[in-house]
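Below, each chain spelled out in residue letters.
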Amino acid sequence: MSGHNVWTHKGTFLLAAVGSAVGLGNLWRFPYLTGENGGGAFILVYALTIFAVGIPILIAETMLGRTSRQSPIMGMRHLTKTHKTSRAWESIGWLGAASAFLILSFYSVIAGWALHYTWLMLTGSLVGADAQTISDGFNALLASPGLMTLYHTLFIAGSALIVGMGIHKGIESGLRIMMPALFVILIVVLIYGIINGDVGAAASFLFTFNLSDLSLEGWLQAMGQSFFTLSLGMGAIMAYGAYMSSEASLTRTAIAVAFVDTAVAMVAGLAIFSLVFGAGLETGQGPGLMFVTLPLAFAEMPFGALVGGVFFILVLGAAISSSISLIEPVAAFLVERFDMTRPQAVMIMVVAAWAMGLLTVVSFNVWAEGTIFHSLFGRSAFEFIELLTNIFMPLGGLMIALFAGWALTQSEVMKELGTNATWFKIWRFLVRFVGPAAVSFVFLRTIPQVEGYFIPALGSLIIVGAFAASQRLRHTKA
Ligand code: PFF
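- Naming follows an unreviewed UniProt entry, where the protein appears as Transporter of Vreelandella lutescens.
- On record in UniProt, under Subcellular location (unreviewed entry), the comment for the protein is "Membrane".
- Check the Sequence similarities (unreviewed entry) section of the UniProt entry for the protein; it says "Belongs to the sodium:neurotransmitter symporter (SNF) (TC 2.A.22) family."

### Quick look at the packing of aromatic side chains
So, point 1. A complete count under the given rule lists 31 aromatic pairs for this structure.
So, point 2. An aromatic cluster is built from Phe106, Trp113, Tyr117, Phe138, Tyr192, Phe291, Phe298, Phe311, Phe312, Phe364 and Phe382, whose rings are joined through pairwise contacts.
So, point 3. Looking at Arg29, its charged tip hangs above the ring of Phe228, at a distance of 4.5 Å from the centre.
So, point 4. Residue placement shows Arg432 over the ring face of Trp406; its charged tip is 3.9 Å from the ring centre.

### A short note on the packing of helix H2 (residues 24-36) against helix H3 (residues 40-68)
So, point 1. Remark: H2 packs on H3, axes separated minimally by 8 Å, with the N-to-C direction vectors making an angle of 130°. For the element pair H2 / H3, the angle class is oblique. In contact with Phe30, Leu33 and Thr34 of H2, H3 contributes Phe42, Ile43 and Tyr46.

### Some remarks on the nonpolar core
So, point 1. In terms of nonpolar packing, the biggest core is built from 166 residues, with Leu64, Trp113, Phe311, Phe312, Phe403 and Trp427 touching the most fellow members.
So, point 2. With residues near it in sequence (within four places) discarded, Phe403 still touches Leu64, Met76, Leu79, Thr85, Trp89, Ile92 and Leu408.

### What to know about the side chain of Arg342
So, point 1. By secondary structure assignment, the location of Arg342 is in helix H15 (residues 342-363).
So, point 2. Among residues more than four places away in sequence, those in contact with Arg342 are Val163, Gly164, Gly166, Ile167, Tyr243, Glu328 and Val335.

### Brief notes about the site of the ligand
So, point 1. Taken together, 15 residues form the shell around the ligand, and within it Ala21, Gly25, Tyr107, Phe228 and Ser231 come nearest.
So, point 2. Within the backbone of Ser20, an N or O atom sits 3.2 Å from a nitrogen atom of the ligand.
So, point 3. Here Gly25 contributes a backbone N or O atom positioned 2.7 Å from an oxygen atom of the ligand.
So, point 4. Protein burial of the ligand: of its 340 Å² of free accessible surface, 100% is covered by the chains.
So, point 5. Here the ligand occupies the largest cavity.
So, point 6. Of all the secondary-structure elements, those providing two or more residues to the shell around the ligand are helix H1 (12-21), H2, helix H10 (216-229) and helix H14 (304-338).

### Quick look at unusual backbone geometry
So, point 1. Non-glycine residue Arg69 carries a positive phi angle of around 55°.
So, point 2. Judged by relative accessible area, Arg69 falls into the buried class, the value being 15%.
So, point 3. The residue Ser231 is not glycine, and still its phi comes out positive at about 60°.
So, point 4. Relative to the elements of secondary structure, Ser231 occurs in the loop between H10 and helix H11 (236-241).

### Examining the pattern of salt bridges
So, point 1. According to the stated counting rule, one finds 7 salt bridges in the structure shown.
So, point 2. Between Glu416 and Arg66 there is a salt bridge, and its shortest N-O distance comes to 2.8 Å. In this pair, Glu416 is assigned in helix H18 (residues 410-417) and Arg66 in helix H3, connecting sequence segments 350 residues apart.
So, point 3. Residues joined by salt bridges that share partners form a network here, namely Arg77, Arg87 and Glu90.

### Regarding H15
So, point 1. For H15, built from 22 residues, the straight-helix expectation of 32 Å at 1.5 Å per residue is met to within 8% by its first-to-last C-alpha distance of 32 Å.
So, point 2. Three or more residues of H15 are buried, namely Arg342, Ala345, Val346, Met349, Val350, Ala353, Gly357, Thr360, Val361, Val362 and Ser363.
So, point 3. Where H15 is buried, its residues meet helix H5 (91-122), helix H7 (145-164), helix H8 (167-196), H14 and helix H17 (381-407).

### Here's the deal with the packing of H2 against helix H12 (residues 250-278)
So, point 1. Packing of H2 against H12 brings their axes to within 9 Å, and their N-to-C directions diverge by 65°. Where H2 crosses over H12, the handedness of that crossing is right-handed. Contacts from Asn26, Leu27, Phe30, Pro31 and Gly35 in H2 reach Asp261, Val264, Ala265, Met266, Ala268, Ile272 and Phe273 in H12.
So, point 2. A class-by-class count of the residues in the contact of H2 with H12 yields 9 nonpolar, 2 polar and 1 charged.

### With respect to the layout of surface pockets
So, point 1. Empty space within the second largest pocket amounts to approximately 360 Å³.
So, point 2. Every residue lining the second largest pocket is counted, 20 residues in all, and those nearest its centre are Ile59, Thr251, Ile255, Thr419 and Trp423.
So, point 3. Within the residue set of the lining of the second largest pocket, elements represented by two or more residues are H3, H12, H18 and helix H19 (421-446).
So, point 4. For the lining of the second largest pocket, the element with the most residues is H3, which contributes 6 residues.
So, point 5. Of the residues that constitute the lining of the second largest pocket, the class distribution is 13 nonpolar, 4 polar and 3 charged.

### A word on a nonpolar patch on the surface
So, point 1. Together, Leu122, Phe303, Leu306 and Ile313 make up a nonpolar patch on the protein surface, roughly 430 Å² of accessible area in all.
So, point 2. With respect to the helices and strands, the residue Leu306 is situated in helix H14.
So, point 3. Assessed through its relative accessible area of 52%, Leu306 is described here as exposed.

### Re empty space enclosed by the protein
So, point 1. For the coordinates displayed, the defined rule picks out 4 cavities of 30 Å³ or more.
So, point 2. Lining the largest cavity are 15 residues, with Ser20, Tyr107, Phe228, Ser231 and Ser322 positioned closest to its centre.
So, point 3. Contributions of two or more residues to the lining of the largest cavity are made by H1, H2, H5, H10 and H14.
So, point 4. No other element matches H14, which puts 3 residues into the lining of the largest cavity.
So, point 5. In terms of residue class, the lining of the largest cavity is made up of 7 nonpolar, 8 polar and no charged.
So, point 6. Its volume calculated, the second largest cavity comes out at about 50 Å³.
So, point 7. Lining the second largest cavity are Val22, Leu27, Leu182, Phe183, Leu186, Val264, Leu314 and Ala318.
So, point 8. Of all elements in the fold, only H8 and H14 reach the threshold of two or more residues within the lining of the second largest cavity.
So, point 9. Across the lining of the second largest cavity, the residue classes break down as 8 nonpolar, no polar and no charged.

Rules used throughout
- Residues numbered from 1 in each chain as written.
- Predicted model: local features only at pLDDT ≥ 70, side-chain atom pairs only at ≥ 80, totals over all residues.
- Heavy atoms only, no water.
- UniProt positions renumbered as here; feature names shortened; annotations may be inferred.
- Phe/Tyr/Trp six-rings, centres within 6.5 Å; stacked < 30°, edge-to-face > 60°.
- Lys NZ or Arg CZ within 6 Å of the ring centre and 35° of its normal.
- Axes fitted to C-alpha atoms, helices over the stretch in contact; angles between N-to-C directions.
- Helix = DSSP H or I, 4+ residues; strand = E, 2+ residues; numbered from the N terminus.
- Parallel < 35°, antiparallel > 145°, perpendicular 65-115°, else oblique.
- Contact = heavy atoms within 4.5 Å.
- Core = buried A, V, L, I, M, F, W, Y, C linked by side-chain atoms within 4.5 Å.
- Buried < 20%, exposed > 50% of the residue type's maximum accessible area, 1.4 Å probe, protein only.
- Near = heavy atom within 4 Å.
- Polar contact = N/O pair within 3.5 Å; in protein donor to acceptor, adjacent residues only side chain to side chain.
- Areas by Shrake-Rupley, 256 points an atom, 1.4 Å probe, with all protein chains shown as cover.
- 1 Å grid on protein atoms, 1.4 Å probe; cavity = no way out; pocket = protein on both sides within 12 Å on 5 of 7 lines; lining within 4 Å.
- Sits in = over half its atoms within 2 Å of the grid points.
- Salt bridge = Lys/Arg side-chain N within 4 Å of Asp/Glu carboxyl O.
- Expected span 1.5 Å × (residues − 1).
- Left-handed = near helix turned anticlockwise from the far one by under 90°.
- Nonpolar A, V, L, I, M, F, W, Y, C, P; charged D, E, K, R; others polar.
- Points joined across faces, edges and corners; volume = space filled by probe spheres on them.
- Patch = residues over 30% accessible without salt bridge, like charges linked within 9 Å, V, L, I, M, F, W, Y side chains within 5 Å.

Here's what the structure looks like:
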């Protein structure tokens, strides 16, 4: 790929970024985290983080891609040279590539479960089943490394096929068919939920805020989720940004992506909780919410098998449009750096992520306990990989914010953003101070010995202040 590959239309980046953002994060993770954390208060923290931290970083990450017009690793290398900053910033690209690889490995396994449920639903196997049968069925799936590997393989191979066909014939064409279909299905499922479920109970669960209900853990999860759902800090957005038309507005596009992504999470939450409450079920199931509680609700409702089947197709489509954005940054890097063909590059990334995914597969059965991961980190390999990505993502986001806000030559940045001076100042304030302070706060607060909010708040101010001072000095010397 040359550095000048660009999407066919001005609006394609928006389509691609929404495809990346809307995924298992919205349909599976958001509802179950909200369910576990008691509803409204969780959503409040989540939404605030999206708007104050997520959108400015989304703008920054897209901008890094578009100005460099290369894959994240090569692009960061290029920017450190042209803006005469430290080479250390190149680590943003490497960190992104590592996170994309790790996320893809487990994302594909979980999307594989949706493949299983699409099949179960459409064949009518769950019609009229009781709670015990459905939860036994899910446990049987988790207990079978063979079955999970099969689904994982099918899903990742499908994603590889799309990316292997190139950004126009594969990614663009795929998204152009998938995304409108997904929105239609989502609306159908919402209407079905309103008719058959209890939308009033769902709405009051989602939109009644009581901050004191929210545990500290819930706070952290809400912030982590807002990064995950916007696909931030992973190179995915940067890689897609490299193909973005120079004419499209960075700020407007980023706001639109965040808006659609949040709306999808809310509509999915409303539909899922309507069904769950309508069937008199509990919200706090954790990851099983989509695979146990929801199938149970469908099992009891009219046309449940059909609508349930269509719902799981939605989950699959949303997952595939996200997983392709995890393959792209690494594949594009391999093409640029080692002159590989695109199919070769995709193959290397996907085979490696597939093999890594086997660790997630066995974490639910043969390696569910007593492994080296349990003795070293007190958790399974899957949980460890998830923890790593939960650290890498905000860390990547933090570095992107600092790099864009402080290290780059600001006159160039203002030109690239193309906004007026006031918007530029607001954006710069958010990426210079608010984003970094919020992320440092969360990191400091996760240290087990630190209690309360005072020390993390003070600590984050000190970190951001020290960083700001060091960058000022560098610029005055230069
Ligand atoms: N944003 C996706 C979701 O919500 O499911 C997950 C994701 C995709 C995260 C791509 C990161 C990424 F680079």
